[in-house]
Amino acid sequence: MAEAATRSDLDFIVSTSPDKVAVPVINALPLLTGMGTEKVFESVKAQILG
């Protein structure tokens, strides 16, 4: 996440660590737990499609 603050070529980040950066951050914790994964994938799809 620290590197993300210095990069300008990112559209969004999928991470298990919330942080303040200039791009949207999608919470990936459900991918580790297996609960709520569909919401994560829908959020990623929404970011990709704009």
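Summarised in this report is the structure supplied together with it. (Residues numbered from 1 in each chain as written. Predicted model: local features only at pLDDT ≥ 70, side-chain atom pairs only at ≥ 80, totals over all residues. Heavy atoms only, no water.)

## Regarding the overall build of the chain
Part 1 of the argument: Per the secondary structure count, the chain includes 2 helices and 2 strands.
Part 2 of the argument: Counting only C-alpha atoms and orienting by the principal axes, one finds that the chain spans roughly 30 × 25 × 10 Å.
Part 3 of the argument: The buried share of the chain, taken over its 50 residues, is 20%.
Part 4 of the argument: A fraction of 12% describes how many contacts in the chain between residues 6 or more apart in sequence connect residues 24 or more apart.
Part 5 of the argument: Carbon together with sulfur atoms contributes 55% to the accessible area of the chain, which is approximately 3900 Å² in total.
Part 6 of the argument: Of the charged side chains in the chain, 4 are positive and 6 negative, and the gap between their average positions amounts to 5 Å. (Helix = DSSP H or I, 4+ residues; strand = E, 2+ residues; numbered from the N terminus. Buried < 20%, exposed > 50% of the residue type's maximum accessible area, 1.4 Å probe, protein only. Contact = heavy atoms within 4.5 Å. Areas by Shrake-Rupley, 256 points an atom, 1.4 Å probe, with all protein chains shown as cover. Lys, Arg positive; Asp, Glu negative; His and termini not counted. Charge placed at Lys NZ, Arg CZ, Asp CG, Glu CD.)

## A look at the side chain of S15
Part 1 of the argument: Examined against the element boundaries, S15 turns out to sit in strand 1 (residues 13–15).
Part 2 of the argument: With relative accessibility at 12%, the residue S15 sits in the buried group.
Part 3 of the argument: Reaching out from S15, the side chain makes a polar contact with the backbone nitrogen of S17 at a distance of 2.9 Å.
Part 4 of the argument: Contacts of S15, omitting those with residues within four sequence positions, involve M1, V25, I26, N27, A28 and L29. (Polar contact = N/O pair within 3.5 Å; in protein donor to acceptor, adjacent residues only side chain to side chain.)

## Thoughts on a nonpolar patch on the surface
Part 1 of the argument: Judged by side-chain polarity, V14, L31 and F41 come together as a nonpolar surface patch covering roughly 250 Å² of accessible area.
Part 2 of the argument: You can see F41 is positioned in helix 2 (residues 37–49). (Patch = residues over 30% accessible without salt bridge, like charges linked within 9 Å, V, L, I, M, F, W, Y side chains within 5 Å. Salt bridge = Lys/Arg side-chain N within 4 Å of Asp/Glu carboxyl O.)

## Points about the pattern of salt bridges
Part 1 of the argument: The final tally for this structure, using the stated rule, is 1 salt bridge.
Part 2 of the argument: The partner of D9 in a salt bridge is R7, with the nearest N and O atoms 2.8 Å apart.
Part 3 of the argument: The class of R7 is partly exposed, set by a relative accessible area of 37%.

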